[in-house]
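Residue-level structural notes
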Amino acid sequence: GEDVEQSLFLSVREGDSSVINCTYTDSSSTYLYWYKQEPGAGLQLLTYIFSNMDMKQDQRLTVLLNKKDKHLSLRIADTQTGDSAIYFCASEASSGGNTGKLIFGQGTTLQVKP
Amino acid sequence: GAGVSQSPSNKVTEKGKDVELRCDPISGHTALYWYRQRLGQGLEFLIYFQGNSAPDKSGLPSDRFSAERTGESVSTLTIQRTQQEDSAVYLCASSPLAGANTGELFFGEGSRLTVL
């Protein structure tokens, strides 16, 4: 079945770059997403990439997509303590047509040390 | 309200009792989703509603789980005869139109269910 895998935990020092990696199985996803979940809050869309792109940059965020290897990464430059959160990678479920249903990874907890 | 609203935010119940969780989507959003987030795990898709179409129930883990939605408004997720493994955060999300634009989902803060 469709699956999205992420590492569970990443710890970095404030000011360093963070790289969160994700692999997925379904190559038919039109978009791939990164959602952020802060403590006690719901998930919020952080950024996304269209499947025909290799890279997308948005201020401190860089998303890299390797379609051949089905690998997605999120780089956060100059990581701040406010970036501490759980980051979820998601792909679109191919089953059921264009429903907007997403398949989420387990989430990567990013810990930023001052 | 401006965002997706869920209630209750916290629910503690005894094994075997029924629980009902409510979701109020963003006004005008035709698509509504329920996900479950167990401790330390990713989000599991449960059910999806789109307008008047038949819901996609493919993620419901057992027949103890059911959900309803009235038109394009409120949805309730019902868990009958709760078990300890049902303990999780139940997240509701809505979307303006399935497949539109980037397909961004707007999530509520979730209902944390604890079954003793």
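Our structure is the block above this text.
In this report, we go over the structure that sits alongside the text. Positions within a chain are numbered from 1, following the residues in the order the chain's sequence is written. Chain labels run from A onward and ligand labels from 1 onward, assigned in the order the entries are written. Restriction of local features to residues with pLDDT of at least 70 applies here, the model being predicted, together with a cutoff of 80 or more for giving and counting side-chain atom pairs; totals for whole chains, interfaces and linings are based on all residues. Here the side-chain values reflect all heavy atoms present in the structure, with hydrogen atoms and water set aside.

The helix count covers DSSP runs of H or I at least four residues long, the strand count covers runs of E at least two residues long, and both are numbered beginning at the N terminus. Within chain A, the secondary structure is distributed over zero helices and 11 strands. Scanning chain A from its N terminus toward the C terminus, one meets helices and strands in the order β-β-β-β-β-β-β-β-β-β-β. What you see for chain A is a C-alpha radius of gyration of 14 Å, in line with the 13 Å of a compact globule of 114 residues. Its C-alpha atoms give chain A principal-axis dimensions of roughly 45 × 30 × 20 Å. The proportion of buried residues among the 114 residues of chain A is 45%. The contacts in chain A between residues at least 6 apart in sequence include a share of 56% that link residues at least 24 apart. As displayed, chain A offers around 5,400 Å² of accessible surface, 48% of which is attributable to carbon and sulfur atoms. Just to be clear, the radius of gyration here is over C-alpha atoms, and the globule rule we use is 2.2 Å times residues to the power 0.38. Relative accessibility decides the category of a residue: with a 1.4 Å probe and only protein chains considered, values under 20% of the type maximum give buried, values over 50% give exposed, and everything between is partly exposed. We call two residues in contact when some of their heavy atoms are within 4.5 Å. Each accessible area is a Shrake-Rupley result for a 1.4 Å probe, and residues are judged covered by the shown protein chains and nothing else.

The next point concerns the overall build of chain B. Tallying secondary structure elements over chain B gives zero helices and 10 strands in all. Over its C-alpha atoms chain B spans a radius of gyration of 13 Å, differing by no more than 12% from the 13 Å that the globule rule assigns to 116 residues. Projecting the C-alpha coordinates of chain B onto the three principal axes gives extents of approximately 40 × 25 × 25 Å. Considering chain B as a whole, with its 116 residues, one finds that 50% of them fall into the buried category. Counting only contacts in chain B whose residues sit at least 6 apart along the sequence, the fraction spanning at least 24 positions is 56%. For chain B, the exposed surface amounts to about 5,600 Å²; the carbon and sulfur share of it is 44%. A positive count includes Lys and Arg, and a negative count includes Asp and Glu. His and the chain ends are not counted in either. To locate a charge, the coordinates of NZ of Lys, CZ of Arg, CG of Asp or CD of Glu are taken. Positive and negative side-chain charges in chain B, numbering 11 and 13 respectively, have mean positions lying 6 Å apart.

A word on the environment of Glu68(B). All names here are of chain B. Looking at the element boundaries, glutamate 68 is found in strand E6 (residues 65-69). Separated by 21 residues in sequence, glutamate 68 and isoleucine 47 place their C-alpha atoms 9.8 Å apart. Those residues in contact with glutamate 68 that sit more than four places away from it in its chain are Phe49, Val74, Ser75 and Thr76.

The next thing to look at is the sheet that holds strand E6 (residues 55-58) of chain A. Residues and elements named next belong to chain A. Paired strands are those between which DSSP finds at least two bridges. The five strands are arranged E1-E3-E8-E7-E6 in an open sheet whose pairing can be described as antiparallel. The open sheet is flanked by strand E1 (4-6) and E6, the only strands paired with a single partner. Across the sheet, the axes of successive neighbouring strands diverge by a mean angle of 15°, strand direction being ignored. As defined by bridge partners, E6 adjoins strand E7 (residues 61-66) across four bridges and the pair is classed as antiparallel. In the strand pairing of E7, methionine 55 is matched with leucine 64. Axes here refer to lines fitted to C-alpha atoms; in helices the fit is confined to the stretch in contact. Angles between the N-to-C directions go from 0 to 180 degrees.

Attention now goes to the environment of Asp86(B). Residue and element names in this part refer to chain B. Position of aspartate 86 among the secondary structure elements: in the loop between strand E7 (75-79) and strand E8 (88-95). On the accessibility criterion, aspartate 86 (1% relative accessible area) is buried. In this structure, the C-alpha to C-alpha distance between aspartate 86 and arginine 36, residues 50 residues apart in sequence, is 9.2 Å.

The next point concerns the pattern of salt bridges. Residue and element names in this part refer to chain B. By convention in these notes, a salt bridge is any Lys or Arg side-chain nitrogen within 4 Å of a carboxyl oxygen on Asp or Glu. Overall, the coordinates contain eight salt bridges over all chains when judged by the stated rule. In this structure, arginine 38 and glutamate 44 form a salt bridge, with 3.9 Å as the shortest nitrogen-oxygen distance. Residue class for glutamate 44 comes out partly exposed when judged on its relative accessible area of 27%. Across the pair arginine 64 and aspartate 86 runs a salt bridge whose closest N-O atoms are separated by 2.8 Å. Residue arginine 64 is located in the loop between strand E5 (43-50) and E6, and its partner aspartate 86 is located in the loop between E7 and E8; the two are separated by 22 residues in the primary sequence. When its relative accessible area of 12% is taken as the criterion, arginine 64 is described as buried. What you see here is one network of salt bridges that share partners, running through Arg36, Arg38 and Glu44.

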